[in-house]
Every structure is written in structure tokens, then in C-alpha cells.
Amino acid sequence: MTNGFLLIDKESGITSSRVVQIIKKKFNFKKVGHLGTLDPMAKGLLILAVNRATKFSSLLLQSKKSYQAEVTLGQQTDTDDAEGAIILNHEVICSEQEVKAKLLSFLGESLQFAPAYSALKHKGKPMYKYARDGIKVDKEARKIKIDKIDNISTNLPKISFNITCSKGTYIRSIARDLGNQLGCGGHLSGLIRTSQQNFSIDDANKIDILSEDNIISLENAFDDLNSITLNQSDTNAFINGVTLQLKLDHDNLLRVYDSSKKFIAIGKNNAQGFKHEYLV
């Protein structure tokens, strides 16, 4: 059975779940899941986990992501992006320097409210379903972190920039909040995901030219991790859930190999000892 990750260069106008369905049918895979939703309007890197790789999904779902974003000031929409209906028009009278300063103020940790039209769930139901029914949901703000904002270019009312952020960050919310802070409103008018974890859009493929040869193996997907090799006795105990007492002075994730150098798991050391986190 084929296991691993596919890097998709998603086009605008298609949902992430639709991409999953297409790939699953195209290659007759048993299991496929995406590792971080891209809105229909957005383009760029969409990572898919295939078959047993879905068990490793949480490792990549937690990872940082980078984007190229474009914000249009002076117009606010109900979805906070260009696909929504315009609910506010306002003249943009702020200077380019003010816009840049406000944008850079998002750097670091902060609390962010998700867009009303988002897949974030409230009582088991996506928020966009409440929004479509005209029901306002008071969802708590979530902690996010913006690590980098650079390559800022202003041609008001538009501003474009690159941004690197923590998981769970809505760039649509950044656009909305930037417009609100500048007093003119704003929405996200363009978005391209350029990287996630160690994966880049440069290594991704369009759906129509994708083949099984493009699958990144589980081992290669995590080649940034250090490794450890177990003897046969420890291997048998380890894969059966036994905690090993190894001389490790850290709690970093490690690629685990058996005595024949076969990749078998990702493990981690804790106060009780070394145990598998994810079995291949």
C-alpha cells in the first residue's frame, strides 16, 4: 500500500475537500486527508496525507505556514475576503507609512477572532453554516503568533506582503483587523500559501500532472528529525508499546529504525522513558 505525502499546487476556485476527493478517486487511495485548509479563493501549497501517512498528520497540522497576501483597503466584506458581499465602503485616507506601521504591529503573539464564515466549529457545527443562517456566533478569540512580515508593497488601496504564522491563523482576519485599525475597512483580495513545515510550493504539482511518483515517503517527509536505531529486542518491545529506558538527554522527536535499518516509527522521550508517538 502506498503511504506518504503529496504536495498540491492548488488553483483558486476549488475547495480543499474537493481536491482530496479528486486525488482519492484518481489514484484509488483508501485514505486521503489534507493538512490545513486553503479557502476556495486561495492558491498554493496544499499537503495531502495518503493512507498510513494520515496517522502522522498532526505533526504537520501544528506547523508554521507562510503566505503571499494581498489586502484591499476601503472595502469590508461579510466573509473578510473577495468572495463575500461588500458591507462597507470607505475612502482610504491613511498614508503608506501608517499602513505599514499598523501591519507590522501584528508581529508576535496576539488574540484573533476567526471570520464568521470559517470552517472552525462551534458546538460541532462549522461557523459558516451559522453565518449562512444569519446566526451570530460569539466565538472566543484564539492565541496566534505572527513570526515574520516582510516584502511589504503598497499601492493604495492595495497592500501586499509575505507573512509567516502559527497554525490556526486566519489571514482573512489579519486583513479585516488591519482595515478596522486604519478606520477604512479591508478584505483579503489574494492569497498564496508558499510553504508549510519544510515543504515549499516550488516542489508542488498541479492536480492534472500529478502522479504516484510524486509521493514523499514517510521517512523522507521527516528527514529533518534526528534518528535512533534499536536492537531487535528493544524493537519488539517498542512496537508493542513498551517504554524503553534509553540514555537520552532531550525530549525531541526522533525517527526510529530497527536493527535492519528499517524506518518503523517516530518516538519521543519523556519522564517515563522512550515511547513511540507514531508507528509506520
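Residues numbered from 1 in each chain as written. Predicted model: local features only at pLDDT ≥ 70, side-chain atom pairs only at ≥ 80, totals over all residues. Heavy atoms only, no water.

Undergrad: Mind showing me how you'd approach the overall build of the chain here?
TA: Secondary structure assignment for the chain yields 7 helices and 17 strands. When the backbone C-alpha atoms are referred to their principal axes, the chain occupies close to 70 × 45 × 40 Å. Taken across its 280 residues, the chain has 46% of its residues classed as buried. Once local pairs closer than 6 in sequence are excluded, the contacts in the chain between residues at least 24 apart make up 68%. In the chain, which carries 37 positive and 31 negative side-chain charges, the distance between the mean positions of the two groups comes to 7 Å. (Helix = DSSP H or I, 4+ residues; strand = E, 2+ residues; numbered from the N terminus. Buried < 20%, exposed > 50% of the residue type's maximum accessible area, 1.4 Å probe, protein only. Contact = heavy atoms within 4.5 Å. Lys, Arg positive; Asp, Glu negative; His and termini not counted. Charge placed at Lys NZ, Arg CZ, Asp CG, Glu CD.)

Undergrad: Just checking my understanding: could you explain the layout of surface pockets for this structure?
TA: Where empty space is left in the structure can be found by rolling a water-sized probe over the atoms. There is about 980 Å³ of room inside the largest pocket. Lining the largest pocket are 37 residues, with T37, D39, A119, Y170 and R172 positioned closest to its centre. Looking at the lining of the largest pocket, the elements that each hand over two or more residues are α1 (16-27), β4 (65-73), α4 (127-132), α5 (171-181) and β12 (186-196). Per-element tally for the lining of the largest pocket: the top contributor is β12, with 3 residues. Residue composition of the lining of the largest pocket, by class: 15 nonpolar, 12 polar and 10 charged. (1 Å grid on protein atoms, 1.4 Å probe; cavity = no way out; pocket = protein on both sides within 12 Å on 5 of 7 lines; lining within 4 Å. Points joined across faces, edges and corners; volume = space filled by probe spheres on them. Nonpolar A, V, L, I, M, F, W, Y, C, P; charged D, E, K, R; others polar.)

Undergrad: Sorry, what's going on with the packing of aromatic side chains here?
TA: Given two aromatic rings, their pairing is described by the distance between the two centres and the angle made by the two planes. Summed over all chains, the structure comprises 6 aromatic pairs. Each ring, one from Y257 and one from F263, has its centre 5.6 Å from the other, and the planes form 50°; the classification is tilted. By relative accessible area, which is 8% here, Y257 ends up buried. We classify F263 as buried; its relative accessible area is 8%. Aromatic ring contacts, followed pair by pair, group F5, F56, F222 and Y278 into a single cluster. (Phe/Tyr/Trp six-rings, centres within 6.5 Å; stacked < 30°, edge-to-face > 60°.)

Undergrad: For this particular structure, what's the right way to read unusual backbone geometry?
TA: Generally, phi is negative for residues other than glycine and the peptide bonds are trans, each holding for most cases. Omega for the peptide link from L156 to P157 comes to 20°, which places this bond in the cis form. Counting through the fold element by element, P157 comes out in the loop between β10 (142-155) and β11 (158-165). For N51, which is not glycine, the phi dihedral falls at a positive 55°. For N51, the position within the fold is in the loop between β3 (43-50) and α2 (57-61). Overall, the relative accessible area of 5% leaves N51 in the buried class.

Undergrad: How do you make sense of the pattern of salt bridges when you look at a structure like this?
TA: When their charged atoms lie close together, side chains carrying opposite charge are able to pair. Inspection of every chain in the model, using the stated rule, returns 8 salt bridges. Between K145 and D147 there is a salt bridge; the shortest N-O distance is 3.8 Å. By relative accessible area, D147 is classed as partly exposed at 30%. By sharing partners, the salt bridges in this structure join D9, E11 and K206 into a single network. (Salt bridge = Lys/Arg side-chain N within 4 Å of Asp/Glu carboxyl O.)

Undergrad: How should I be thinking about α5 in this particular structure?
TA: An α-helical turn contains 3.6 residues, so any two residues separated by three or four positions project in the same direction. Burial analysis of α5 places 9 of its 11 residues in the buried class, the great majority of the element. Next to the buried residues of α5 lie β4, α3 (96-104), β7 (108-112), β10, β11 and β12. A positive backbone phi angle near 75° is found at G183, which sits one or two residues after α5.

Undergrad: Looking at this model, I keep getting lost on the nonpolar core. Mind explaining?
TA: Soluble globular proteins tend to pack their nonpolar side chains together in the buried interior. Counting 41 residues, the largest nonpolar core has L6, I8, I23 and L48 as its most contacted members. Setting aside residues no more than four positions away along its own chain, L48 makes contact with G4, F5, L6, I8, V19, V20, I23, V32, G33 and H34. Judged by nonpolar contacts, the second largest core, of 21 residues, contains I47, L59, F199 and Y257. (Core = buried A, V, L, I, M, F, W, Y, C linked by side-chain atoms within 4.5 Å.)

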